[in-house]
Amino acid sequence: WLAVGRSTALLWCNITIEFRQKNSLIAASLKYSRNAYLTLCIHHAPHLSQVLSLLSYHIHRTRILELHVSSYDSTPDADSGDLATFLNHNFPSLETFSGSYLPKHGALTWRPDTSGFPRLRDLSLQCGIPIEMSPSAVFSSLRKLDLGYQNEPSFTLPSFVQFLSRHLHLEQLSLSKYRPALEGSLSTLTFPSTIRRFRFTDDTRYTKGFLSAFTHIPAHVDLLVVRHCDESWTEISANTSLFVARMLPESPRNHLHVLSDVRTLIIDSHSGFDYNLTGLTHLSDMGSPWVRLNSYFPRDFSWSTPFQRLANAMQVFAGTPVIEIRFECECDPYPPPRSAEWVALLDAFPLLEHIVVEVIPLGGEYDVRPGLLTALLTPILNGKTRWPQLRRLTLLYGD
């Protein structure tokens, strides 16, 4: 079995390096993996420079590189210079690179020669590894890009869009606290046409400015906007209902074209501290283009009641051709929406045909159904029938 193990390269090509990893085992894995493609996962390497020295002779056959290290976990010989030298090699076989770095002294800036990464398809760079390159540079095979936690990247927003637009195979883009400077006039930039899924995470101020800078984001893009780590919690009044809407452009449907095609609206409250508003362009079909607005609350942020979540839905989706509304909650909503609040929500969607309420009760006394049923028993307004298209009501309680 020893002979079988040593002669089977695939048993040695996945190498994980952590605190207590011995260099002798790394060397053995590199030897017995022969010419097989390598998957390298480097986490908290205490002797990073030694590890990188061993790996540098095998860069040409590295297919996946996960590099998440901190110089605080390393001996003094490991610094950003060793890591920068390692990353500035050509990686002809690399397809996936995920990296983050917490430096003790100074920051690492990655200035790759994109021609040295001909097969790179998936690139994720988080805190500590800012990328710096010309807007005309191209990773020829890039399909997925994830950048995060860089307050002052080398790109301005116009130059960043130029960089993205040169990647003809790019389909997925994720930005989390990645903040190119918002330069120039608003509503002048063209969103890259190849992108099919866009996730954007930031506070309300930067999010609104970023989304407003584009003439529009096409309807075929799956869009997830996450409001997180907001710097303006203290500015929010307990009476406001703009919790989600305030992070969008002034005329959301002019900038987010998917809103004009929404057929299903999902008001999703899975815990007391976050919720989602999701719009689907086909009924209950997550395979169709969609938009999701997600927000987190601080734990002492107590005014986020179900009605304020209904009001957020009206602020963003009123006037869209919604024919199905789904209210989903994993706990008893406190306090439950009153009938007048349900009426206000339903009045915003005159094409409504189907209402679904799905709650998993936790044994509490707060029931969302009476307010909705009372609202539906008062269907007349100025002598006219409210919600004339409404055909179905689905109430699902319990697991």
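The structure presented is a predicted model; accordingly, all values stated were derived computationally and were not measured.

(A) Region of interest: the environment of Val-291. Within the secondary structure, Val-291 is located in strand 12 (residues 290-296). Of the residues examined, Val-291 reaches a relative accessible area of 1% and is grouped as buried. The spatial distance from the C-alpha of Val-291 to the C-alpha of Leu-259 is 7.5 Å, given a sequence separation of 32 residues.

(B) Here's a closer look at the packing of helix 2 (residues 23-32) against helix 3 (residues 48-55). Across the interface, helix 2 lies against helix 3 with an axial gap of 10 Å and an inter-helix angle of 15°. With respect to helix 3, the axis of helix 2 lies roughly parallel. The way helix 2 lies across helix 3 gives a crossing that is right-handed. Residues Asn-23, Ile-26 and Leu-30 of helix 2 pack against Gln-50, Val-51, Leu-54 and Leu-55 of helix 3. Its residues assigned to classes, the contact of helix 2 with helix 3 comprises 5 nonpolar, 2 polar and no charged.

(C) Broad picture of the packing of aromatic side chains. Tallied over the full model, the rule gives 20 aromatic pairs. For the pair Phe-117 and Phe-139, a centre-to-centre distance of 6.1 Å together with 85° between the ring planes defines the contact as edge-to-face. Of this pair, Phe-117 sits in the loop between strand 4 (96-102) and strand 5 (122-125) while Phe-139 sits in the loop between strand 5 and strand 6 (144-150), and the two are 22 residues apart along the sequence. Pair check on accessibility: Phe-117 and Phe-139 agree, each one buried. Ring centres of Phe-327 and Trp-342 lie 5.6 Å apart, and the angle between their planes is 70°; on these two criteria the pair is classed as edge-to-face. Linking Phe-327 in strand 13 (residues 324-329) with Trp-342 in helix 9 (residues 339-347), this pair joins segments that are 15 residues apart in sequence. Exposure class is identical for Phe-327 and Trp-342. Each is buried. An aromatic cluster is defined as three or more aromatic residues linked by ring pairs; in this entry it consists of Phe-86, Phe-91, Phe-97, Trp-110, Phe-117 and Phe-139. Over the ring of Tyr-397 we find Arg-369, and its NZ or CZ is 3.6 Å from the ring centre.

(D) Local environment of unusual backbone geometry. The residue Arg-34 is not glycine, and still its phi comes out positive at about 55°. Mapped onto the fold, Arg-34 is located in the loop between helix 2 and strand 2 (38-43). The backbone of Lys-177 sits at a positive phi, close to 55°, despite the residue not being glycine. Relative to the helices and strands, Lys-177 resides in strand 7 (residues 172-178).

(E) View of empty space enclosed by the protein. Using the criterion set out here, one finds 1 cavity of 30 Å³ or more in the structure. The volume enclosed by the largest cavity comes to roughly 30 Å³. If you go around the largest cavity, the residues you meet are Ile-217, Pro-218, Val-221, Leu-223, Leu-256, His-257 and Val-258. Tallied by class, the residues present in the lining of the largest cavity amount to 6 nonpolar, 1 polar and no charged.

Definitions and limits used
- Residues numbered from 1 in each chain as written.
- Predicted model: local features only at pLDDT ≥ 70, side-chain atom pairs only at ≥ 80, totals over all residues.
- Heavy atoms only, no water.
- Helix = DSSP H or I, 4+ residues; strand = E, 2+ residues; numbered from the N terminus.
- Buried < 20%, exposed > 50% of the residue type's maximum accessible area, 1.4 Å probe, protein only.
- Axes fitted to C-alpha atoms, helices over the stretch in contact; angles between N-to-C directions.
- Parallel < 35°, antiparallel > 145°, perpendicular 65-115°, else oblique.
- Left-handed = near helix turned anticlockwise from the far one by under 90°.
- Contact = heavy atoms within 4.5 Å.
- Nonpolar A, V, L, I, M, F, W, Y, C, P; charged D, E, K, R; others polar.
- Phe/Tyr/Trp six-rings, centres within 6.5 Å; stacked < 30°, edge-to-face > 60°.
- Lys NZ or Arg CZ within 6 Å of the ring centre and 35° of its normal.
- 1 Å grid on protein atoms, 1.4 Å probe; cavity = no way out; pocket = protein on both sides within 12 Å on 5 of 7 lines; lining within 4 Å.
- Points joined across faces, edges and corners; volume = space filled by probe spheres on them.

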